[in-house]
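# Structural overview for review
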Amino acid sequence: MYRRFEDMHELSGLLGRSPLSHIALIGNAMPRRCGLATYTSHVFDALGARFPEIRIDHYAMNDPGAAYDYPPSVTGTLRQDSFADYLATAERIEASGAGLVWIQHEFGIFGGTAGAHLLALVERLSIPVAVTLHTVLERPDADQRLVMERLIRASARLIVMAQKGREILTRVYGVPERKLMVVPHGVPDRPYVPPALAKARFGLAGRNVLLTFGLISPNKGLETMIEALPAILLDDPDTVYVIAGATHPHLLAREGERYRETLQALAAQLGVGDAVHWLDAFMDQEQLLDLVEAADLYVTPYLNLDQITSGTLSYAVALGRPVVSTPYQHAAEIVGPQNGVLVEPGAAGAFAAAISRLLGDDQLRQGMARSAYALGRSMLWRRTVEASMAGFAAINAPLLLGARPVRDLIQFAEAS
């Protein structure tokens, strides 16, 4: 849990005496259907709720050939592959009087080689730039490294969501500690709901519910869980595995629903087709959170162990769901014996054994649920933006903060 200001007016006062009364936020925006759009929109909402005195201009990225019905809160848009849009947006931000630009960064949402078009924007700005890195590559190719190095030089603050991200940035890219902040992925604030009270609305009353949700693509390792189901069902015949989420738009554009159909064929071949429930939709947040509440266990069998951030994992922990997961970087930091089990990727037998053990031990599972929910209290959206803004205030007002460095202002420890 981060350091709480003894008087929360202290932080608002610091922001009021700095150029941070006006921020330009760049990223995706809902209703675009991707995790970064959800994240950036939630940052916008949390900033507005916690710091209503701050003006926030939200600039949204549009992928090639797409247009979205954005809400009035979106100030402007940039076409991913239009170099002119990056130049025009830099000029617009400069003219707006914003005191800081906060960028939500993924290589795939910006145009040019390895997203290099973004550099044309940030390197034309005279105001500080802060970047939240949603992916930190330990083994970048030459183009990715060049873009990262220039983005790092142009930035006053870099935010990552896991300590592993900090370690990679210092070791691989030589980023000085003074630029770095670790701020966990934000989560919604909901009271704890026992799974049994939430299952009926999804027609799952009386079932043991396993859940994976998010955009479907091959790196999610869903085959592993489907292969684990025959052994799980031998021990717990009332178990159902819910896979919630639409196929990733880029995968859908390339090959349609071929991957989903392959998974469905595998389930049928193994005789567990009836135990896999598909919710093929991009769900709004409230529907999604309702579904998470119906789960006994949340499962992430991801194959890519370099994944440094998972919003879906953060949400599941925040709602008090025990987790069975591969040890990708984000999971390795927030999942331990107190709130879940880590299993090697592709190990269907190990997934089956871990899940059966937890389903068969109510006391163990409920203890993990309590620990997960307690950890989630340190990750609420309001805390995410408070921590971020405290670090940003130090960019422009170091004297107001005295001798305290950013890392002393923003401290995370075990949830209390």
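Up top is the structure these notes are about.
To keep things clear, this report deals only with the structure shown in the data block. (Residues numbered from 1 in each chain as written. Predicted model: local features only at pLDDT ≥ 70, side-chain atom pairs only at ≥ 80, totals over all residues. Heavy atoms only, no water.)

### A closer look at the overall build of the chain
Quick note on the threshold: A run of DSSP states H or I qualifies as a helix once it reaches four residues; a run of E qualifies as a strand once it reaches two. Both are numbered from the N-terminal end. The globule rule used for comparison is 2.2 Å times the number of residues to the exponent 0.38, while the radius of gyration itself is calculated over C-alpha atoms. Exposure is judged per residue with a 1.4 Å probe applied to protein chains only, and the accessible area is read against the type maximum: over 50% gives exposed, under 20% gives buried, and values in between give partly exposed. Contact criterion: two residues are considered in contact whenever any of their non-hydrogen atoms come within 4.5 Å of each other. Note that accessible areas follow from Shrake-Rupley with a 1.4 Å probe, and for residues the cover is restricted to the protein chains shown.
If you tally the helices and strands in the chain, you get 17 helices and 13 strands. Relative to the globule expectation of 22 Å for 416 residues, the C-alpha radius of gyration of the chain, 22 Å, shows essentially globular dimensions. The dimensions of the chain, computed from C-alpha atoms along their principal axes, are 65 × 50 × 40 Å. The buried share among the 416 residues of the chain stands at 57%. Of the contacts formed within the chain by residues at least 6 apart in sequence, a portion of 74% connects residues at least 24 apart. As displayed, the chain has an accessible area near 16,700 Å², and 53% of this comes from carbon and sulfur atoms.

### So, helix α12 (residues 311-318)
For α12, the tally of buried residues reaches 7 of 8 residues, placing the bulk of the element in the interior. Among all positions of α12, only T312, L313, S314, Y315, A316, V317 and A318 are buried. Directly after α12, the chain includes G320, whose backbone phi takes a positive value near 80 degrees.

### A closer look at the sheet that holds strand β5 (residues 129-133)
Stated precisely, the cut-off is as follows: Paired strands are those between which DSSP finds at least two bridges. Here an axis means a line fitted to C-alpha atoms, over the contact stretch when the element is a helix, while the angle between two N-to-C directions is reported on a 0 to 180 degree scale.
Taken in spatial order, the 7 strands line up as β3-β2-β1-β4-β5-β6-β7 in an open sheet, and their pairing is parallel. The sheet is open, and its two borders are formed by β3 (74-79) and β7 (180-182), each paired with just one other strand. Within this sheet the neighbouring strands show an average axis-to-axis angle of 20 degrees, counted without direction. Note that strand β1 (residues 22-27) and strand β2 (residues 55-62) share 6 bridges and pair parallel. Residue pairing for β2: L25 is matched across the bridge by H58. Where helix α3 (residues 83-96) meets the sheet, it contacts β1, β2, β3 and β4 (100-105), and its direction lies at approximately 155 degrees from that of β3. Here helix α6 (residues 163-173) sits on the sheet in contact with β5, β6 (157-160) and β7, set at roughly 160 degrees to β7.

### Focus on the pairing of β2
Rule in force here: The path from the first strand over the helix to the second decides the hand: if it runs clockwise while the strands point away from the viewer, the crossover is right-handed.
A large share of β2 lies buried, amounting to 7 of its 8 residues. Since β1 and β2 lie parallel, the crossover through helix α2 (residues 35-50) that links them has a hand, and here it is right-handed. As paired strands, β2 and β3 are joined by 5 bridges and run parallel to one another. When the bridges of β3 are listed, M61 appears paired with L78.

### Concerning the pattern of salt bridges
For the record, the criterion: The term salt bridge refers to a side-chain nitrogen of Lys or Arg lying within 4 Å of a carboxyl oxygen of Asp or Glu.
Inspection of the entire model under this criterion finds 23 salt bridges. As a salt-bridge pair, R139 and D306 come within 2.8 Å of each other at their nearest N and O atoms. In this pair, R139 is assigned in the loop between β5 and α5 (142-154) and D306 in the loop between β11 (297-300) and α12, connecting sequence segments 167 residues apart. For E255, the salt bridge goes to R258, with nearest N and O atoms at 3.1 Å. The exposure class of R258 is exposed, given its relative accessible area of 51%. The network of salt bridges with common partners includes E138, R139, K164, E167, R171 and D306.

### Remarks on the packing of helix α8 (residues 222-235) against helix α10 (residues 258-269)
The cut-off we apply is this: With respect to orientation, any angle under 35 degrees is reported as roughly parallel, any angle over 145 as roughly antiparallel, any angle of 65 to 115 as roughly perpendicular, and every other angle as oblique. For any pair of crossing helices, the crossing counts as left-handed if the nearer helix is rotated counterclockwise from the farther one by less than a right angle, and right-handed if it is rotated clockwise.
Interhelical geometry of α8 versus α10 gives an angle of 15 degrees and a closest axis separation of 10 Å. By the angle between their directions, the pair α8 and α10 is classed as roughly parallel. Of the two possible hands of crossing, α8 and α10 adopt the one that is right-handed. Counted together, L222, E223, I226 and E227 of α8 and Y259, L263, L266 and A267 of α10 form the full contact between these two elements.

Interpretation in functional terms is not warranted from these geometric data alone.
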